Amino acid sequence: MKLQDVVVVGATGLVGRKIVQVLEERNFPVARLRLLATERSIGKSLDFKGKGHPVEKLEARCFHGIEIAFFSAGSAVSKEFVPLAVQAGSLVIDNSSAFRMDPHVPLVVPEVNPRQIMFNKGIIANPNCSTIQMVVALKPLHERWKIRRIVVSTYQSVTGAGKKGADQLEAEMEKRNAYEKQFPHPIALNCLPQVDEFYEDGYSREEHKMINETKKIFGDDTIKVTATCVRVPVFGGHSESVNLEFERPFDIREVREALQQAPGVCVQDDISRSVYPMAISAHDHDGVFVGRLRRDESVRNGLNLWIVADNLRKGAATNAVQIAEEWLKRK
Ligand SMILES: NC(=O)c1ccc[n+]([C@@H]2O[C@H](COP(=O)([O-])OP(=O)(O)OC[C@H]3O[C@@H](n4cnc5c(N)ncnc54)[C@H](OP(=O)(O)O)[C@@H]3O)[C@@H](O)[C@H]2O)c1
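Residues numbered from 1 in each chain as written. Predicted model: local features only at pLDDT ≥ 70, side-chain atom pairs only at ≥ 80, totals over all residues. Heavy atoms only, no water.

(A) The arrangement of the overall build of the protein in detail. A tally of regular secondary structure across the protein gives eight helices and 13 strands. By the compact-globule yardstick of 20 Å for 331 residues, the protein fits well, its C-alpha radius of gyration being 20 Å. On the principal axes, the C-alpha backbone points of the protein span a range of 60 × 50 × 40 Å. The buried share among the 331 residues of the protein stands at 53%. Pairs at least 24 residues apart make up 67% of the contacts formed inside the protein by residues separated by at least 6 positions. Taken as a whole, the protein presents about 15300 Å² of accessible surface, with 50% of it coming from carbon and sulfur. Separation between the mean location of the 45 positive side-chain charges and that of the 42 negative ones in the protein comes to 2 Å. (Helix = DSSP H or I, 4+ residues; strand = E, 2+ residues; numbered from the N terminus. Rg over C-alpha atoms; globule rule 2.2 N^0.38 Å. Buried < 20%, exposed > 50% of the residue type's maximum accessible area, 1.4 Å probe, protein only. Contact = heavy atoms within 4.5 Å. Areas by Shrake-Rupley, 256 points an atom, 1.4 Å probe, with all protein chains shown as cover. Lys, Arg positive; Asp, Glu negative; His and termini not counted. Charge placed at Lys NZ, Arg CZ, Asp CG, Glu CD.)

If you want it as structure tokens, here you go:
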């Protein structure tokens, strides 16, 4: 495969660092790697394949000759610099929410809708972390039994809020006072039913993302989705309690088999030995872990399940690198 000139924008952040690590782990065909962040990070360097790479300041001219640009520096940076990268001829894989709902931008999870990749016009959006893990697990079930309604409650790691989120939990656990607050309340020994800001309808931005992005990725506006997103004092991954209503009757053994055969899904479901997915065991793995499978007897064709994944890996970096791999394969 032809080697690619690659940049990572936001390389010093939690997602950016993980992208660099995943590019190396998966032996992505990198010719030249440029790492970009703010001026504050000049002087830092990150290791890639045993060699230190200096961090440079993000500027418009950084995209000259770049084939693939991974963006993970927030929406404002993406809105300003992604069009410049596209103009310079780069394929952009954007981790921010800036372009996710743009009808001209594919929103891709390679296990679910890989064909959308080839409809890109220079930008491919990486979905929200909570949405990615949910749709990977639900795809084989939707295909077979057609999901009518999803009710999801999340238990999201502090790393989903970037470096500052992780710093706040660490500082509170160590009873340090001097730290920049990321959350509106203490997060240690607490649960916050707020992920990102609230809209007038009472839902948070994260809840809106889960609802809208799920429909776009499945290409199915008829699925009803409602979400409650909660931040919990966990470092290593997001957990989700998901309740589904199917259009067609199902057999729970067939549901288990469908999940066992689904790409990217790992079933951990043996309640006799207290085996089920946990953030602590999903941490630093690429899989989407599914367990606590059980019929919901309160509705027709109802199913409950518990889904866990590492938000920095499958929820961000791994999914972004998989998109780039698929694009190279199909190009
Ligand atoms: N964390 C997750 O689980 C997750 C999952 C999916 C998607 N995302 C998305 O990925 C993006 C990054 O998240 P993160 O968790 O990695 O955040 P983070 O840890 O706070 O890192 C932010 C990165 O962006 C850089 N940056 C900020 N402003 C910049 C500017 N004006 N110019 C250049 N670089 C700038 C920072 O550079 P400095 O170090 O120099 O400040 C840093 O490298 C966000 O859009 C987020 O929504 C995050």
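(B) Summary view of the state of the cysteines. Evaluation of the coordinates by the stated rule reveals zero disulfides. Note on Cys266: no disulfide assigned, nearest cysteine sulfur contributed by Cys129 at a separation of 20 Å. By relative accessible area, which is 30% here, Cys266 ends up partly exposed. (Disulfide = S-S within 2.5 Å.)

(C) Expanded view of helix H1 (residues 14-25). Between its first and last C-alpha, H1 extends 17 Å over twelve residues, near the 16 Å set by a 1.5 Å rise per residue. Every buried residue belonging to H1 is among Gly16, Lys18, Ile19, Val20, Val22 and Leu23, and all of these are buried. In this structure, the buried residues of H1 make contact with strand E1 (4-9), strand E2 (30-37), strand E3 (45-48), strand E5 (68-71) and helix H8 (313-330). Immediately beyond the C-terminal end of H1, within one or two residues, lies Asn27, with a positive phi of roughly 55 degrees. (Expected span 1.5 Å × (residues − 1).)

(D) A look at the site of the ligand. Not every one of the 26 residues close to the ligand is listed here, only the nearest: Thr12, Thr38, Arg40, Ser41 and Lys163. A distance of 2.8 Å separates an oxygen atom of the ligand from a polar backbone atom of Val15. Compared with its free state, where it exposes 910 Å², the ligand has 80% of that area covered by protein. Mapped by element, the contributors of at least two residues to the shell around the ligand are H1, helix H4 (162-173) and H8. (Near = heavy atom within 4 Å. Polar contact = N/O pair within 3.5 Å; in protein donor to acceptor, adjacent residues only side chain to side chain.)

(E) The packing of helix H3 (residues 129-145) against H8, seen in detail. The interhelical angle for the contact between H3 and H8, taken along N-to-C directions, is 85 degrees, at an axis separation of 8 Å. With respect to H8, the element H3 is oriented roughly perpendicular. From H3, Cys129, Ile132 and Val136 reach across to H8, where they touch Lys314, Gly315, Ala316 and Asn319. Each residue belonging to the contact of H3 with H8 can be placed in one class, and the counts come to four nonpolar, two polar and one charged. (Axes fitted to C-alpha atoms, helices over the stretch in contact; angles between N-to-C directions. Parallel < 35°, antiparallel > 145°, perpendicular 65-115°, else oblique. Nonpolar A, V, L, I, M, F, W, Y, C, P; charged D, E, K, R; others polar.)

(F) Focus on a positive patch on the surface. Taken together, the side chains of Arg17, Arg40, Lys44 and Lys163 make up a positively charged region of the molecular surface. Here Arg40 is to be found in the loop between E2 and E3. Its relative accessible area of 72% is what places Arg40 among the exposed residues. (Patch = residues over 30% accessible without salt bridge, like charges linked within 9 Å, V, L, I, M, F, W, Y side chains within 5 Å. Salt bridge = Lys/Arg side-chain N within 4 Å of Asp/Glu carboxyl O.)

(G) Spotlight on the nonpolar core. Of all hydrophobic cores here, the largest spans 56 residues; its most connected members are Phe63, Leu138, Leu141, Ile150 and Leu244. Per-element accounting of this core gives the leading share, eight residues, to H3. With residues near it in sequence (within four places) discarded, Phe63 still touches Val7, Val9, Leu36, Leu58, Ala69, Phe71, Phe81, Ala85, Ala88 and Ser90. Counting residues in each nonpolar core, the second largest holds 29 residues, with Val6, Ile19, Leu23 and Ile93 among its members. (Core = buried A, V, L, I, M, F, W, Y, C linked by side-chain atoms within 4.5 Å.)

(H) Main features of the environment of Asn311. Positionally, Asn311 belongs in the loop between strand E13 (302-309) and H8. Sequence spacing of Asn311 and Lys175 is 136 residues, and the spatial spacing of their C-alpha atoms is 26 Å. The contacts of Asn311, once residues within four sequence positions are left out, are Cys129, Ser157, Thr159, Gly160, Gly236, Gly237, His238 and Ala316. Separated by 2.9 Å, the side chains of Asn311 and Thr159 make a polar contact.

(I) Molecular detail of the pattern of salt bridges. In total, this model carries 25 salt bridges according to the counting rule given. For Arg61, the salt bridge goes to Glu59, with nearest N and O atoms at 2.9 Å. Owing to a relative accessible area of 27%, Glu59 belongs among the partly exposed residues under this scheme. One salt bridge in this structure joins Asp270 and Arg273, with 2.7 Å as the shortest N-O distance. Since its relative accessible area comes to 24%, Asp270 is described here as partly exposed. Its relative accessible area of 59% is what places Arg273 among the exposed residues. Salt bridges here are not isolated pairs; linked through shared partners, they connect Lys18, Glu25, Asp284, Asp286 and Arg313.

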